[in-house]
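Listed here are the chains, written in short residue letters.
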Amino acid sequence: MHPATHPESALPARPHRTLKIGRVLRGLAATAVALPLIFGAAACGDSGDSAGTDPNEKVELSVFWWGDDSRAETTKKVLDAYTAAHPNVTFVTTFQGNQGYLDKLSTQAAGGNAPDLFQLDDNMLSELAERKVTLDLTPYVEDKSLDLSKFPESLAKYGVVDGKQAGVALAENTPGLIYNRSKLQEFGVAEPTTGMTWEAFITWAKQVSDKSGGKLPGTMDPSADYKALWVWLRQQGKEFYNGKELGFTAEDLTRWFELWKGARDSGATPTADVIHEGNSSDATKQLVVTGKAATSWVWSNQLAALSKNTKDQLGLVAYPGNPNGQWARASMYWSGSSRTEHPDVVADVINFFVNDATAAKTLGIERGITPNLDLRKEVEATLTDANQKASLAFETQITPQFGAAPAPPPKGHAAIRTLLVTIAESVQYGKATPAQAAQDFISQAQSKLA
Amino acid sequence: MALTTASAPVVPEQPGRGSPVARKRRGAGGGRGREGVAGYVFLSPWLLGLMGITAIPMLLSLYLSFTDYSVFSTWEDVEWIGLENYRTMFTNDPQFYRAVTVTLGYALVMVPLKLAAALAVALLLNRAWRGVGLFRGLFYLPSLLGGSVALALVWSALFAGDGAVNEFLAFFGITGQAWVNDPDYALGTLIILGIWQFGAPMVIFLAGLKQVPVELYEAASVDGASPWRQFWHVTMPMLSPVIFFNLVLETIRGFQSFTSAFVISNGNGGPVDSTLLYTLYLYKRGFAEFDMGYASALAWVFLLTIGILTIVLFSTGRFWVHYADGDDR
């Protein structure tokens, strides 16, 4: 069943022996599972089946991503620019909020109607690549029609699953601590710095809590946050994943939970119910902008987006510990569908997004920092927003210290992430000891990764 | 429920008012033959729909429950794994048991309280006040909105740690809980939301109350029965078929609850799995963890459980449900 054992069926232009009946059956099956939940049936549309090599052939690609209106606007502008250069290619676009994006994509994929081009993050890349949902872009990367040579090497590699280019980074980002600079000045507490130890950071956060008279806890508790755990593990020479298994033990996780239990007990973080709000809500409700903590554990490129939700001035530093625990990470990928009728066009559109100067300037750094190093400078010159400039300056400053990129997370990562939230919360609410919780996590994680 | 057409009706027919019993009896002698064919022709869109989007997909999901099907699997590499999904579910899935416990707790507490609330309000509104229609409408409103995402959002805002409910309590000097953000209270908050949506059973109770013959109350009060005795010895027995109907319907509905828990917990069943209703767990496995084979197995266990439960309810019915039809069963 492993995709690697069927190399012939993963060729980019699959022969059209695709069973139509299989497509229908899958659509029905997805509907069947959805029905008990009283969800509407998945509409099973169908695309045409002509495939030719005529360069002027009319091509219509469906494109799907998650994001807000401003992302939609810039993305559509780039697609329009592509159509202007290639009048035979037009796009049908759909976008929606983050919540429910994967549900919709999975339903479409199950029905055999995956969009030709879609956005992914590393949460899902391996899952879809191993299930042969994504188009193998390796041949295009090799013949440079999809040119990744201007990417930082580790960023280009971070789209490779089982030796195949499953996605191309649309942007790069890095974990970042975003803190409330205005409030720190008000309380007279020094700003945190990149490179401070974890213990020093927790002490600092405790100081913020104390100086605010307990009104503003110093930091969100990130013990349920996979990216904070991952950075912490790498700083001790471990990895979150070792191939398709966990790269750490129950002892490591116990220490992680204990570190944050100590922080909570000292008052450096909010109480469990407030932490839960931070764990379960989206970027706009991070505790740093709702005023329930002085620091949120997010991504560095979110500085501008979070700033829109508060009047206070925000600042940005790296996660505690040595920044070499971090790596050039793809914040998002473009991936093609393995069932697309026009793999060449899909690869060319992706190439346009990441290597065309105008496209890069249009996109700005809303999705993360421009992946193409040559274009990064040009994009920088066009930025006007102070927060965006600060994000980019941070990224530029920290990039030389990055460690090597790990492989993208394996299949099952989405389930592991939610499992970590549930298990970490059981410690936060005092329902389990760090050691018990760590044991539970390890035993349940194994079945999700298998 | 079987009605013997042979037994002569004790009460004379009342053609205009058409009790459910009377209507049923009239329909029973419906034509076969050509009329039957016409019937099937008129039914055909529905029958096609039943086959296409219910029957065939259900059989497929039964098949898929014996495979390792992920939403993204290509049809060719769906692997038959026999009873493995079911075995994992019962022997190696703490979250499955968690979901079962949460759902049982939710339904067992919510359904009786909801029916009690519906009946109490129906009794209040079964009088001829001025403006009683307005109140009936207002009480029905929440259940109209019941399944909606907006309502669950409002609910989670009301019951947030700094929400309106706690501000209200603070007014009386009570320090509120974190309600939906506290694993000890989150399910309780969902139960209250469920109870609050008692409008649909209330309307059915109201209709049932209208069917109780006024003569029975008159006779009872002539015999000197207190209102309380009248309620227990006239209203309740006469209403028992309606109570039974509501009980079955609301039990099934209670077990299938999904939207409010989904919205309030952001689709995660949190905090600490305290609101992990069975359907939410099924959804999580299928659509968030892409384990459709397993989710199908969960769905079939769920279907069988609800089926058995309904049979049990029906079998208890003979002990307490009275049909005003003479042959008291």
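Presented here is a report on the structure given in the accompanying data block. None of the values given here were measured: they were computed from a predicted structure. (Residues numbered from 1 in each chain as written. Chains lettered and ligands numbered in written order. Predicted model: local features only at pLDDT ≥ 70, side-chain atom pairs only at ≥ 80, totals over all residues. Heavy atoms only, no water.)

Quick look at the overall build of chain B
Step number 1: Assigned secondary structure in chain B consists of 14 helices and 0 strands.
Step number 2: Listed N to C, the secondary structure of chain B is α-α-α-α-α-α-α-α-α-α-α-α-α-α in terms of helices and strands.
Step number 3: Going through the 329 residues of chain B one by one, you find that 43% of them count as buried. (Helix = DSSP H or I, 4+ residues; strand = E, 2+ residues; numbered from the N terminus. Buried < 20%, exposed > 50% of the residue type's maximum accessible area, 1.4 Å probe, protein only.)

Observations concerning the sheet that holds strand 6 (residues 168-173) of chain A
All names here are of chain A.
Step number 1: With mixed pairing, 5 strands are arranged side by side in an open sheet as 2-1-3-12-6. At either margin of the open sheet sits one strand with a lone partner, and together these are strand 2 (89-96) and strand 6. Taken pair by pair, the neighbouring strands of this sheet meet at an average axis angle of 20°, ignoring direction.
Step number 2: Lying on the sheet, helix 2 (residues 69-85) is in contact with strand 1 (59-66), strand 2, strand 3 (117-120) and strand 12 (329-336); it crosses strand 2 at an angle near 170°. (Pairing = 2+ DSSP bridges. Axes fitted to C-alpha atoms, helices over the stretch in contact; angles between N-to-C directions. Contact = heavy atoms within 4.5 Å.)

Considering the sheet that holds strand 7 (residues 175-180) of chain A
Paired through backbone hydrogen bonds, the strands of a sheet run either parallel or antiparallel to each other.
Residues and elements named next belong to chain A.
Step number 1: Spatial ordering of the open sheet is given by 10-7-11, a layout of 3 strands whose pairing is antiparallel. Unpaired on one side and paired on the other, strand 10 (295-299) and strand 11 (314-317) mark the two borders of the sheet. Neighbouring strand axes in the sheet, compared pairwise and without regard to direction, differ in orientation by 30° on average.
Step number 2: Bridge count for strand 7 against strand 11 is 4 bridges, and the pairing is antiparallel. Within strand 11, the residue paired with Leu 177 across the bridge is Val 317.

Considering the interface of chain A and chain B
Step number 1: On the side of chain B, 47 residues touch chain A, which itself brings 46 residues to the contact.
Step number 2: Here chain A packs against chain B, burying approximately 4200 Å² in sum over the two surfaces, 63% of which is carbon and sulfur.
Step number 3: One can count 2 salt bridges joining chain A with chain B.
Step number 4: Among the salt bridges present, the one from Lys 448 of chain A reaches Glu 289 of chain B, with a minimum N-O distance of 3.1 Å. (Buried area = accessible area lost by both parts, 1.4 Å probe. Salt bridge = Lys/Arg side-chain N within 4 Å of Asp/Glu carboxyl O.)

Observations concerning the packing of helix 9 (residues 199-211) of chain B against helix 11 (residues 227-255) of chain B
Residues and elements named next belong to chain B.
Step number 1: Running from amino to carboxyl end, helix 9 crosses helix 11 at an angle of 160°, the nearest separation of the two axes being 10 Å. Classified by the angle between their axes, helix 9 and helix 11 sit roughly antiparallel to one another. The two elements helix 9 and helix 11 meet at a crossing, and its hand is right-handed. Of the residues in helix 11, those touching helix 9 at Ala 200, Pro 201, Ile 204, Phe 205, Gly 208 and Leu 209 are Thr 235, Leu 239, Val 242, Ile 243, Phe 245, Asn 246, Glu 250 and Arg 253.
Step number 2: Per-class residue counts for the contact of helix 9 with helix 11 are 9 nonpolar, 3 polar and 2 charged. (Parallel < 35°, antiparallel > 145°, perpendicular 65-115°, else oblique. Left-handed = near helix turned anticlockwise from the far one by under 90°. Nonpolar A, V, L, I, M, F, W, Y, C, P; charged D, E, K, R; others polar.)

Let's talk about unusual backbone geometry
Residues and elements named next belong to chain A.
Step number 1: Within the chain, Lys 132 stands out as a residue other than glycine whose phi angle is a positive 60°.
Step number 2: For Lys 132, the position within the fold is in the loop between helix 4 (125-130) and helix 5 (138-142).
Step number 3: The exposure class assigned to Lys 132 is buried, which follows from its relative accessible area of 11%.

Considering helix 11 of chain B
Step number 1: A rise of 1.5 Å per residue sets the reference length of helix 11 of chain B, with its 29 residues, at 42 Å; its end C-alpha atoms lie only 35 Å apart and thus fall more than 12% short of the reference.
Step number 2: For helix 11 of chain B, the principal kink sits at Ser 240 of chain B and spans about 55°; a proline, Pro 241 of chain B, occurs within the next four residues. (Expected span 1.5 Å × (residues − 1). Bend = angle between axes of the 7 residues up to and from the residue.)

Comments concerning the nonpolar core
Step number 1: Ranked by internal contacts, the top residues of the largest apolar core, which has 159 residues, are Phe 240, Trp 256, Phe 257 and Phe 441 of chain A.
Step number 2: Once residues within four sequence positions are removed from consideration, Phe 257 of chain A is found in contact with Ser 223, Leu 420, Ile 423, Ala 424, Val 427, Pro 434, Ala 437 and Ala 438 of chain A.
Step number 3: Ranked by size, the runner-up nonpolar core spans 20 residues in total, among them Met 89, Tyr 281, Ala 295 and Phe 302 of chain B. (Core = buried A, V, L, I, M, F, W, Y, C linked by side-chain atoms within 4.5 Å.)

Observations concerning the side chain of Thr 295 of chain A
Residue and element names in this part refer to chain A.
Step number 1: Residue position: Thr 295 is located in strand 10.
Step number 2: Residue Thr 295 is classed as buried on the basis of its relative accessible area, which comes to 0%.
Step number 3: Among the polar contacts made by the side chain of Thr 295, one reaches the main-chain carbonyl oxygen of Gly 218 at a distance of 2.8 Å.
Step number 4: Among all residues touching Thr 295, those that are not within four sequence positions of it are Leu 177, Ile 178, Tyr 179, Phe 201, Trp 204, Gly 218, Thr 219, Met 220 and Val 288. (Polar contact = N/O pair within 3.5 Å; in protein donor to acceptor, adjacent residues only side chain to side chain.)

Digging into the environment of Ser 226 of chain B
Residue and element names in this part refer to chain B.
Step number 1: Within the element layout of this structure, Ser 226 appears in the loop between helix 10 (214-222) and helix 11.
Step number 2: Using a relative accessible area of 32% as the deciding quantity, one classes Ser 226 as partly exposed.
Step number 3: On a C-alpha basis, the gap between Ser 226 and Glu 250 in space is 31 Å, while along the polypeptide they are 24 residues apart.

Considering empty space enclosed by the protein
Step number 1: If you walk through the whole model with that rule in mind, you get 6 cavities of 30 Å³ or more.
Step number 2: Taken as a whole, the largest cavity spans an internal volume of roughly 100 Å³.
Step number 3: Looking at the lining of the largest cavity, the elements that each hand over two or more residues are strand 6, helix 14 (343-355) and helix 15 (357-363) of chain A.
Step number 4: Residues of the lining of the largest cavity, tallied by class, amount to 8 nonpolar, 3 polar and 2 charged.
Step number 5: The computed volume of the second largest cavity comes to approximately 90 Å³.
Step number 6: Along its surface, the second largest cavity is lined by 14 residues, and Ala 109, Val 133 and Arg 339 of chain A together with Phe 72 and Thr 74 of chain B are the ones closest to its centre.
Step number 7: When its residues are assigned to classes, the lining of the second largest cavity shows 6 nonpolar, 4 polar and 4 charged. (1 Å grid on protein atoms, 1.4 Å probe; cavity = no way out; pocket = protein on both sides within 12 Å on 5 of 7 lines; lining within 4 Å. Points joined across faces, edges and corners; volume = space filled by probe spheres on them.)

A closer look at the pairing of strand 2 of chain A
All names here are of chain A.
Step number 1: As paired strands, strand 1 and strand 2 are joined by 8 bridges and run parallel to one another. Within strand 2, the residue paired with Glu 60 across the bridge is Thr 90.
Step number 2: Taken together, strand 1, helix 2 and strand 2 form a β-α-β motif whose crossover is right-handed. (Right-handed = clockwise from strand over helix to strand, strands pointing away.)

Side note on the pairing of strand 3 of chain A
Residues and elements named next belong to chain A.
Step number 1: The side-chain alternation of strand 3 yields two buried faces, one formed by Leu 117 and Gln 119 and the other by Phe 118 and Leu 120.
Step number 2: In this structure, strand 3 lies alongside strand 12, joined through 4 bridges in antiparallel fashion. Paired with Leu 117 across the bridge in strand 12 is Gly 336.

Concerning the packing of aromatic side chains
Step number 1: Tallied over the full model, the rule gives 46 aromatic pairs over all chains.
Step number 2: Taking 5.1 Å as the distance between ring centres and 85° as the angle between the ring planes, the aromatic pair formed by Phe 262 of chain B and Tyr 283 of chain B counts as edge-to-face. Taken together, the positions of Phe 262 of chain B in helix 12 (residues 259-264) and Tyr 283 of chain B in helix 13 (residues 278-288) put the pair 21 residues apart, joining distant regions of the chain.
Step number 3: A relative accessible area of 18% means that Phe 262 of chain B is categorised as buried.
Step number 4: Judged by its relative accessible area of 7%, Tyr 283 of chain B is buried.
Step number 5: Site record: aromatic cluster; members linked through ring pairs are Tyr 158, Trp 230, Phe 240, Tyr 241, Phe 248, Trp 327, Tyr 333 and Phe 441 of chain A.
Step number 6: When the ring centre of Trp 299 of chain A is taken as origin, the NZ or CZ atom of Arg 329 of chain A, which lies over that ring, is 3.9 Å away. (Phe/Tyr/Trp six-rings, centres within 6.5 Å; stacked < 30°, edge-to-face > 60°. Lys NZ or Arg CZ within 6 Å of the ring centre and 35° of its normal.)

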